[in-house]
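# Commentary on secondary and tertiary structure
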Amino acid sequence: MELLLVAPFKNLLSHFRFLVTIRSQEGAYRGLILFRLSTNTLEWETASQEERESMYKQIYAMESSCPHLGADMSHADIEEYESNVVAVCPWHRYDFDLRTGKSETGLHACTFNIHVKADKDGVDNVYIEAPNCDSGWRVVELRPVSEEFADPPPVPSSQPPILAPASPTEAQNEPIVPDSPPKTLMEWAVLILNTPNPTLKVERTRHAVQLFRTGQLPTIGHKSAHHPPHPPDVPRREAMYQQNTVDPGKVKNRRNKAVMLHALANIEQWAIDLAWDIMARFGPMHPNLPPAFFSDFTKMALDESKHFSLLTSRLSAISPSTPYGSMPVHASLWESATITSNSFRARLAIIHLVHEARGLDVNPGTIERFRKAGDTESVKAMEIIHADEVTHVTAGHRWFTWICQQQGNLDPIKTFREEVRHGWRGDIKGPFNEAARDMAGLSKEFYEDLRGEMGIIPQEGKVPIEGAPPSVQIGY
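Residues numbered from 1 in each chain as written. Predicted model: local features only at pLDDT ≥ 70, side-chain atom pairs only at ≥ 80, totals over all residues. Heavy atoms only, no water.

### Thoughts on the sheet that holds strand S10 (residues 138-144)
If you walk across this open sheet you meet the four strands as S4-S3-S2-S10, and the pairing is antiparallel. Because the sheet does not close on itself, it has two edges, and the strands there are strand S4 (59-63) and S10. Recorded for the sheet is a direction-independent mean angle of 25° between the axes of neighbouring strands. (Pairing = 2+ DSSP bridges. Helix = DSSP H or I, 4+ residues; strand = E, 2+ residues; numbered from the N terminus. Axes fitted to C-alpha atoms, helices over the stretch in contact; angles between N-to-C directions.)

Okay, structure coming up:
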């Protein structure tokens, strides 16, 4: 029996539910929800051993997707009976015993036994039993499930983030939910992609993800029977943003704090759209994508919205005279999105395993620059962002390996390197954040001595582009 360390019990007192992702040495992924049902945790430090053991018995772990139709179980209702505790799926009210996984419907959910053991220092740690299949399992993600985690901290002035003024037509108070509300996740995705105002984009993202998680949308809507709408070639942007869009090479060096925060917020606005675009564009192309894919990428969209809010709040706090949208910005991330718009595999490789992985490399340096400048609040924001981005690269790796398996059990490393060769220009240069990349599933074989030759080698019968720039700008 292999036990996987989740966390010290005291670290789980902040929330009652946690998303846990584990990965095997062979590259298999499992998503779990850990439920902590004990409520008297304020007295944990002074509790007796008997009282603590009672709390430990109220920890459960089960698979994060409902075995019926794959609904996200993070927002399942918990119902307690005399002899058992059940989680009730938010989509169709299927119930599952948290200890055995059995359901009155005849279905069965995978559950994972919990162990609490003291280490040599007397710290009580929570462990889960690893699956019997594969080997070398490790916990690669542990994060709380909370509706509040996407809300930015208040600006010191207690005012909302300041954004550059919109045009008269764009400044009208457009509701979060339009008069004809979207009925599927795909319709919400396209609506959000076509929302130019970044604040409304964030609000609609939060609303759509909440509807999806709590079963208030009747369907994902990515299969042909639902006639999913087509996403725009380029997400809409407000007029002032478009006026300030320049070539990436003309964007100022990010030494000034306000310039850095503005540039980072620009990346996060594009990242919100990238998360929705991969669902809206490739969901209909791959109707066999399981609900877990949409759970991962709606979570990513929500994270990117949180990041945008954190950064624009900091920008408002330190430089009210330069609101978001007032400085030069670039759209190099969407250049890569356009290049990969016809291939799900290429999109995952270039956006999530190159661009986002590069973010893991540069974030520590950015954090250190804010720290040296004495900006502790921006340091805190960037540390949150960095931790989330590790999970985004993890999701990219998970679904890249999935599509490789679907397309004939292709070798993920060789396939990734080939995708980069065809969809990137120039070397992928270090220094690399090896620890963060490894946590996300990227071993050195993925990225060492990696070079893109797009524009040099013919693609699908196309001749090389003459005068092509030597490299695609890295958006992170």
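### A look at the nonpolar core
By size, the foremost hydrophobic cluster in this structure holds 100 residues, and its most contacted members are Leu 185, Trp 276, Met 279, Phe 293, Phe 294, Phe 344 and Phe 416. The contact partners of Leu 185, leaving out residues within four places of it in the chain, are Phe 212, Leu 217, Thr 219, Ile 220, Trp 276, Met 279, Phe 294 and Thr 298. (Core = buried A, V, L, I, M, F, W, Y, C linked by side-chain atoms within 4.5 Å. Buried < 20%, exposed > 50% of the residue type's maximum accessible area, 1.4 Å probe, protein only. Contact = heavy atoms within 4.5 Å.)

### Brief notes about the packing of aromatic side chains
Overall, the coordinates contain 13 aromatic pairs when judged by the stated rule. On the basis of an interplanar angle of 85° and a centroid distance of 5.5 Å, the ring pair of Phe 293 and Trp 399 is categorised as edge-to-face. Residue Phe 293 is found in helix H6 (residues 291-318), and its partner Trp 399 is found in helix H9 (residues 376-406); the two are separated by 106 residues along the sequence. Take Phe 293 and Trp 399: they sit in the same class, and that class is buried. In this structure an aromatic cluster arises from ring pairing among Phe 282, Phe 293, Phe 294, Phe 297, Phe 344, Trp 399 and Trp 402. Between the NZ or CZ atom of Arg 237 and the centre of the ring of Trp 270, over which it lies, the distance is 3.9 Å. Here the basic side chain of Arg 437 rests over the ring of Tyr 447, its NZ or CZ set 4.5 Å away from the ring centre. (Phe/Tyr/Trp six-rings, centres within 6.5 Å; stacked < 30°, edge-to-face > 60°. Lys NZ or Arg CZ within 6 Å of the ring centre and 35° of its normal.)

### A few points about the packing of helix H7 (residues 332-339) against helix H8 (residues 344-372)
Packing of H7 against H8 leaves a shortest axis separation of 8 Å and a crossing angle of 155°. By the angle class used here, H7 and H8 are roughly antiparallel. Pair H7 / H8 crosses with right-handed handedness. Residues Leu 333, Ser 336 and Ala 337 of H7 form the contact with H8, whose participating residues are Arg 347, Ile 350, Ile 351 and His 355. In terms of residue class, the contact of H7 with H8 is made up of four nonpolar, two polar and one charged. (Parallel < 35°, antiparallel > 145°, perpendicular 65-115°, else oblique. Left-handed = near helix turned anticlockwise from the far one by under 90°. Nonpolar A, V, L, I, M, F, W, Y, C, P; charged D, E, K, R; others polar.)

No statement about biological role is implied by the geometric values presented.
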